[in-house]
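# Fold and contact review
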Amino acid sequence: MEDLLTTLTSFPFTIMGIVNVTPDSFSDGGNYLAPGAAVAHGCMLAEQGALILDIGGESTRPGSLEVDTAVELSRVIPVIQKLRKQTTALISIDTRKALVAQAALDAGASIVNDVSAGSFDPGMAPLVAKRNVPLILMHSRGTPQTMQTNPTYVNVCEEVMQELLERVAALCAAGVNPSKIILDVGLGFAKRFEDNIALIQGLKQFTELPHLVLLGASRKSFIGHLTGREASDRVSGSLAALAAGYSRGVRLFRVHDVKETFDFLSVYSVIA
């Protein structure tokens with residue numbers, strides 16, 4: 001585990017496959033709510049090229065409400081336990097709650113993906129510090145229920161950068177290993193259409209920081225805005241956003257469509 005991020009950065013690219021064990025996620029809510037379906041989907045994504053499987057039991061789409069801890073645990077822990085036995089892929093737990101993260105790590109996860117950048121639960125920082133695991137800090141403002149209520153930026157890249165680095169400083173002060181921190185600019189989270197575009201165009205500023213950067217553009221609403229496609233039909237648009245990220249130094253991508261992403265990056269990483 002000590003060299004996990006070093007291992008990830010040794011690859012031309014790393015794909016994180018999304019496994020939403022939820023009834024209401026924006027793109028595939030309900031498809032994998034049953035543990036058996038979620039495990040089968042995770043195994044398929046690993047076979048298609050996902051080195052990491054990101055397991056989430058609470059939708060954080062715009063307008064979504066907080067899920068009770070017990071419910072979230074009941075959704076994700078059986079899936080993580082079974083995936084740990086059936087695949088060699090790394091497992092990430094997508095949660096804002098320290099209790100869920102702790103149980104997931106105990107069950108076989110090795111990465112924590114926190115859409116609140118560690119601000120939702122004061123127990124997250126000490127947990128990650130103690131376990132010394134990679135922590136993904138995603139930028140957002142407010143809560144999923146409120147984040148799309150008139151988000152406003154003067155210079156979105158500068159403000160997102162400042163706010164992420166403030167979270168990095170706070171977490172490091174709480175004992176989190178700075179070398180284990182991964183940054184995510186949070187496309188679609190408290191962002192307007194123009195903010196998402198500006199952040200993708202400005203990703204080079206973030207990849208020059210001493211932290212691995214994750215890009216989560218897959219099937220996001222800004223792609224629908226540009227193409228008119230529904231969420232399940234945004235593969236091509238997602239790959240275009242991914243190419244823009246790769247050209248600006250991003251090497252870690254959180255996606256729904258692993259097979260298409262793997263094929264695209266296998267070619268693009270060689271010829272770009």
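Look up: the structure comes first, before these words.
Since the model is a prediction, treat every value here as computed from it, not as a measurement. (Residues numbered from 1 in each chain as written. Predicted model: local features only at pLDDT ≥ 70, side-chain atom pairs only at ≥ 80, totals over all residues. Heavy atoms only, no water.)

### Focus on helix α5 (residues 124-131)
Those residues of α5 that fall on the buried side of the exposure criterion are M124, A125, L127 and V128. Axial view of α5: buried residues confined to an arc of 165 degrees, hence all on one face. Contacts from the buried residues of α5 go to α4 (98-107), β4 (111-114), β5 (135-138) and α6 (156-173). Phi turns positive, to about 55 degrees, at N132, one or two residues after α5. (Buried < 20%, exposed > 50% of the residue type's maximum accessible area, 1.4 Å probe, protein only. Helix = DSSP H or I, 4+ residues; strand = E, 2+ residues; numbered from the N terminus. Arc of directions from axis to C-beta. Contact = heavy atoms within 4.5 Å.)

### As for the pattern of salt bridges
A full pass over the atoms with the stated rule returns 12 salt bridges. Note that E58 is salt-bridged to K97, the shortest N-O span being 3.1 Å. Of this pair, E58 sits in the loop between β2 (52-56) and α3 (69-86) while K97 sits in the loop between β3 (90-94) and α4, placing them 39 residues apart in sequence. Both residues of the pair, E58 and K97, belong to the buried class. Across the pair R141 and E163 runs a salt bridge whose closest N-O atoms are separated by 2.6 Å. (Salt bridge = Lys/Arg side-chain N within 4 Å of Asp/Glu carboxyl O.)

### Notes on unusual backbone geometry
Positive phi outside glycine occurs at N132, with the angle close to 55 degrees. Judged by relative accessible area, N132 falls into the partly exposed class, the value being 24%. Look at A190: it is not a glycine, yet its phi comes out positive at around 55 degrees. Tracing the backbone shows A190 in the loop between β6 (181-184) and α7 (193-201).

### Side note on the environment of L242
Looking at the element boundaries, L242 is found in helix α10 (residues 235-247). Once the C-alpha coordinates of L242 and T6 are considered, the two residues, 236 residues apart in sequence, prove to be 22 Å apart. In this view, L242 contacts L215, F253, V255, T261, F264 and L265; residues no more than four positions away in its chain are not counted.

### Section: the packing of aromatic side chains
All chains considered together, the criterion is met by 3 aromatic pairs. Pairing Y246 with Y268 gives two aromatic rings, centres 5.7 Å apart and planes at 80 degrees, and the pair type is edge-to-face. Of this pair, Y246 sits in helix α10 while Y268 is found in helix α11 (residues 258-271), placing the two residues 22 residues apart along the sequence. By relative accessible area, which is 22% here, Y268 ends up partly exposed. Relative to Y268, the ring of F264 has its centre 5.4 Å away and its plane inclined at 15 degrees; by these criteria the two rings are stacked. On the criterion of helical spacing, the pair formed by F264 and Y268 is a turn pair, its members being 4 residues apart in helix α11. Among the aromatic residues, those joined into a ring-pair cluster are Y246, F264 and Y268. Over the aromatic face of F120 sits the side chain of R96, whose NZ or CZ is 4.2 Å from the ring centroid. For the cation-ring pair, R251 lies above Y246, with the distance from its terminal atom to the ring centre recorded as 3.6 Å. (Phe/Tyr/Trp six-rings, centres within 6.5 Å; stacked < 30°, edge-to-face > 60°. Lys NZ or Arg CZ within 6 Å of the ring centre and 35° of its normal.)

Scope: geometric values only; no functional claims are made or implied.
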